[in-house]
Structures are given as structure tokens and as C-alpha cells.
Amino acid sequence: MKVLLIIIIILFVLVLGGLAFLRTARFGRAPSGEILERIEASQNYRDGRFHNIFPRSPRNPDVSGRTLGRPENLRPNAPLPALELDFETLGRDQAVLVWLGHSSLFIQVNGIRFLVDPALVSGSPVFFINRPYPALVDYVPEDIPEIDYLLISHDHFDHLDYDTIKRLKGRIGKVVCGLGTGEHFRRWRFAAEDIIELDWNESTSLLNDITIHALPSRHYSGRASFGIDNTLWVSFLIETPPATIFISGDTSYGPHFKEIGSQFEIDLSIIEFGQYNEAWRDSHIMPDEIAKAIDDLGAKRNLVTHHSRFVLARHPWNEPLEIAAKLSEQNNFTLITPMMGERVYLDDFSQEFSKWWETEN
């Protein structure tokens, strides 16, 4: 009886500790007040949650989200190739993009600096799960210069990492995100006037004649204890005088790609392609869909992201790059493949890149 009592007490303490942990700042906060009123007025919100314009299919219980065993090459065998870059050396007159692994991007265009979906510390709420695997240069929040606009496509932990944001705080001008996601930043003591929340197909004017459009994606949202789909997932289009850049955010394939491609002339598309699984076909782009998505958008150049930093799915770490490179040759679209830290010049369409992932297997 004494042993049973001790076990019950331990379980009770663990449950209380878990509940307390879920209430910590890193999980953010559910929308309330004026922003909740705005959410409830959105045509994309009903029954207490946001809904995709093109609904996701009911989950098929016969399709597993995991593969039995450990696939070969799930992680790289050595630190990934990467170039060292001092961001402070980038003059504001340079129009450049720098990929930092997974979905993290630094973009400087028309004198304005953007940081997109930074997860430079972790891809999960606990430090010992989903740590980034090493690269020859591991970029950390302290490497990032002052940012004019932080773009957050949705609030999943591998796109909105609390530890990264905490260490960037004070060097972020304004946050641009989907409806409801701004509540996390208000919890983290960002000023309300520095948070711009957009519904699908809403736009806002930024500094230096830049317009940003929040466009549909086909995904979902949620940070554990504060509800599922109560914040909006978006794609972004940055429209500037020198370049138009599309950022897909996490999404599955759908008719929205064709609609966006017909609405805008896109210079560079950045498409999330990686961490896919048959069970997630309605959340992430699959290998048999990436060429269709690129064709629908009709961009002059294309970059695939959402790979080479975390293990979320069970495919080889370099498979998305192998597939995309092969499809670009077969379908005659322009794929750019910078390694982490390599500058992509947005006004140089002749720039060439190596197949760096082939040097590490």
C-alpha cells in the first residue's frame, strides 16, 4: 500500500508539473479580446477554429505517420556544408536572400530586412527534442542583425521558436503574421503597435514601397495547450520594385498555387518541401506534387526549404533536394540550391549553385 501511495504521489506531481509547463511563456497564449472579435468575424473562421479554403481530407487510420525501423541516412553523417557570413557586412543596397536551414530565411530587399520563420535554437518546446543537427556554421540568434520585419507563417514550434524569439527581442522592428498568432508575441511583451496580423488575401504597405500580401496555404496550427487551428496559417508574397518573392509557408498542394501564380508575376518562389509523409499529404507537399506546385506558380526561380535541419519525418535528410534537382532537369524549371549562409542575389538570375548535399551522405 505504501509503494502504491508513493507511485500515486509521483504521478500526481508529474501531472501537475506537466500542466504547469504547458502554461509557461514558451507556449504563447490563445487569442482574446479585440483580436478574437476580429478572428470571429473572419469568413475563414467558424465553429471555434480556422478552416482551410480547400478542406483537408479526413485522416485515414490505415496510413501510418511513421515508418517502422530507422531509415538509412535519416541524419547527415557529418556537419552539413555551410558558409560563414557576417550579416553586418551586407550593405542595405544589396538585394540578397540567405537560407539558414529548415524554413529560416534572411531577406534584404529595397533596403529593408526581413527574417522569416526563425528556428535557430530548437524545433520543439523542450531543449532535448528536435535539436538542429550540426552544420559547419551553426547560425544562432545573436548572428542576426536588426530586422525591420519578422514574418511568421504559422505558430508551429519549428517555425516559431520561443528561444530564438527571446534572444532576438530588441532587434525586431515589427512582426507580420496571420490572425491570432500575434497573441503569442503580446504574451512575450512585444508592443501591440508593432504586431501586424492579417487574414488571407489581406495586404499591408511596409516601408520603402514594399507591399506584403497574406495568402492562403493548406495546413493547420496550434501550440499544445491553447487549442488547435485558433491561429491562422498563411503564405506571404513580398512585392517590391526590384523583386516579387513568394513564401509558401507549410502547406500541402492545392488549387491555391494556381490562383496565386495567375494573380502575381513571381521572381522567386520559396516552397516548403521536406518532412513529408503519406499520412501528412494534406499538410505538406509530397514528392509527386512539388513539380506541379512550381509549374502552377510560374516563378522565374525556385527554392525549396523545410529540410536539412531537423528530423520530423522519416525520409533521408537529403531526399527533398535530390528529388527537386532531378525534377528541375526533367521539367525545365530553374531551381536554386544555396547552402546555409550562401548569399542569393535577388537581381542576378545567372547565379549558379552547387549540389552541396552530394558531398555529405
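Every value quoted in this text rests on a predicted model; they were computed, and no experiment measured them. (Residues numbered from 1 in each chain as written. Predicted model: local features only at pLDDT ≥ 70, side-chain atom pairs only at ≥ 80, totals over all residues. Heavy atoms only, no water.)

1. Description of the confidence of the model for the protein
Reasoning step 1: Here the protein averages 90 in pLDDT, and 87% of its residues register 70 or above.
Reasoning step 2: Of the regions scoring below 50 in pLDDT, residues 12–19 engages in zero contacts with residues more than four places distant in sequence or in other chains. (pLDDT = per-residue confidence, 0-100. Contact = heavy atoms within 4.5 Å.)

2. As for the sheet that holds strand β3 (residues 96–99)
Reasoning step 1: Ordered in space as β8-β7-β6-β5-β4-β3-β15, the seven strands form an open sheet in which the pairing is mixed. Only two strands of the sheet have a single partner each, and these edge strands are β8 (195–198) and β15 (343–345). The mean inter-strand angle of the sheet, taken between neighbouring strand axes irrespective of direction, is 20°.
Reasoning step 2: Across five bridges, the pairing between strand β4 (residues 105–109) and strand β5 (residues 112–116) is antiparallel. (Pairing = 2+ DSSP bridges. Helix = DSSP H or I, 4+ residues; strand = E, 2+ residues; numbered from the N terminus. Axes fitted to C-alpha atoms, helices over the stretch in contact; angles between N-to-C directions.)

3. Here's the deal with the nonpolar core
Reasoning step 1: In terms of nonpolar packing, the biggest core is built from 98 residues, with Ile 107, Phe 114, Leu 151 and Phe 185 touching the most fellow members.
Reasoning step 2: If we ignore the near neighbours within four places in the chain, the residues touching Phe 114 are Leu 105, Phe 106, Ile 107, Val 109, Ile 147, Tyr 149, Leu 151, Leu 206, Ile 210 and Ile 238. (Core = buried A, V, L, I, M, F, W, Y, C linked by side-chain atoms within 4.5 Å. Buried < 20%, exposed > 50% of the residue type's maximum accessible area, 1.4 Å probe, protein only.)

4. A few points about the side chain of Arg 218
Reasoning step 1: Among the structural elements, Arg 218 can be located in the loop between β10 (211–215) and β11 (235–239).
Reasoning step 2: In this structure Arg 218 comes out as buried when scored by relative accessible area, which is 10%.
Reasoning step 3: Here the side chain of Arg 218 touches Phe 54 through a polar contact of 2.8 Å, landing on its backbone oxygen. (Polar contact = N/O pair within 3.5 Å; in protein donor to acceptor, adjacent residues only side chain to side chain.)

5. With respect to unusual backbone geometry
Reasoning step 1: Notably, Asn 110 is not glycine yet its phi reads approximately 55°, a positive angle.
Reasoning step 2: With respect to the helices and strands, Asn 110 occurs in the loop between β4 and β5.
Reasoning step 3: Residue Asn 110 is classed as partly exposed on the basis of its relative accessible area, which comes to 29%.
Reasoning step 4: Phi angles above zero are rare outside glycine, and Asn 332 is one such case at about 60°.
Reasoning step 5: One can find Asn 332 in the loop between α7 (319–331) and β15.
Reasoning step 6: Overall, the relative accessible area of 73% leaves Asn 332 in the exposed class.

6. Digging into the pairing of β10
Put simply, side chains in a regular strand alternate between the two faces of the sheet.
Reasoning step 1: The buried fraction of β10 is high, at four of five residues.
Reasoning step 2: In terms of strand pairing, strand β9 (residues 202–205) meets β10 through four bridges, oriented antiparallel. Along β10, the bridge assignment pairs Thr 204 with Ile 212.
Reasoning step 3: In sequence, β9 turns back onto β10 through a hairpin of five residues, with Asn 208 there showing a positive phi of about 60°.
Reasoning step 4: Pairing geometry for β10 and β11, over five bridges, is antiparallel. Across the sheet, the residue bridging to His 213 is Leu 237, located in β11.

7. With respect to the packing of helix α5 (residues 256–263) against helix α6 (residues 290–297)
Reasoning step 1: Between α5 and α6, whose axes approach to 7 Å, the crossing angle comes to 25°. If you check the angle between α5 and α6, you find them roughly parallel. For the pair formed by α5 and α6, the contact residues are Phe 257, Lys 258, Ile 260 and Gly 261 on the first element and Ala 293, Asp 296 and Leu 297 on the second.
Reasoning step 2: Tallied by class, residues from the contact of α5 with α6 come to four nonpolar, one polar and two charged. (Parallel < 35°, antiparallel > 145°, perpendicular 65-115°, else oblique. Nonpolar A, V, L, I, M, F, W, Y, C, P; charged D, E, K, R; others polar.)

8. Quick notes on α7
In an α-helix, one turn spans 3.6 residues, which is why side chains three or four residues apart end up on the same side.
Reasoning step 1: For α7, spanning 13 residues, the distance from its first C-alpha to its last is 18 Å, which sits close to the expected 18 Å at 1.5 Å a residue.
Reasoning step 2: Regarding α7, the residues found buried are Pro 320, Leu 321, Ala 324, Ala 325, Leu 327 and Ser 328. Within α7, the buried residues cover an arc of 165° as seen down the axis, which keeps them to one side. Away from the buried face of α7 by more than 90 degrees, exposed residues Lys 326, Glu 329 and Gln 330 are located.
Reasoning step 3: Of the surrounding elements, those touching the buried residues of α7 are α6 and β14 (301–305).
Reasoning step 4: At the C-terminal side of α7, Asn 332 shows a positive phi close to 60°. (Expected span 1.5 Å × (residues − 1). Arc of directions from axis to C-beta.)

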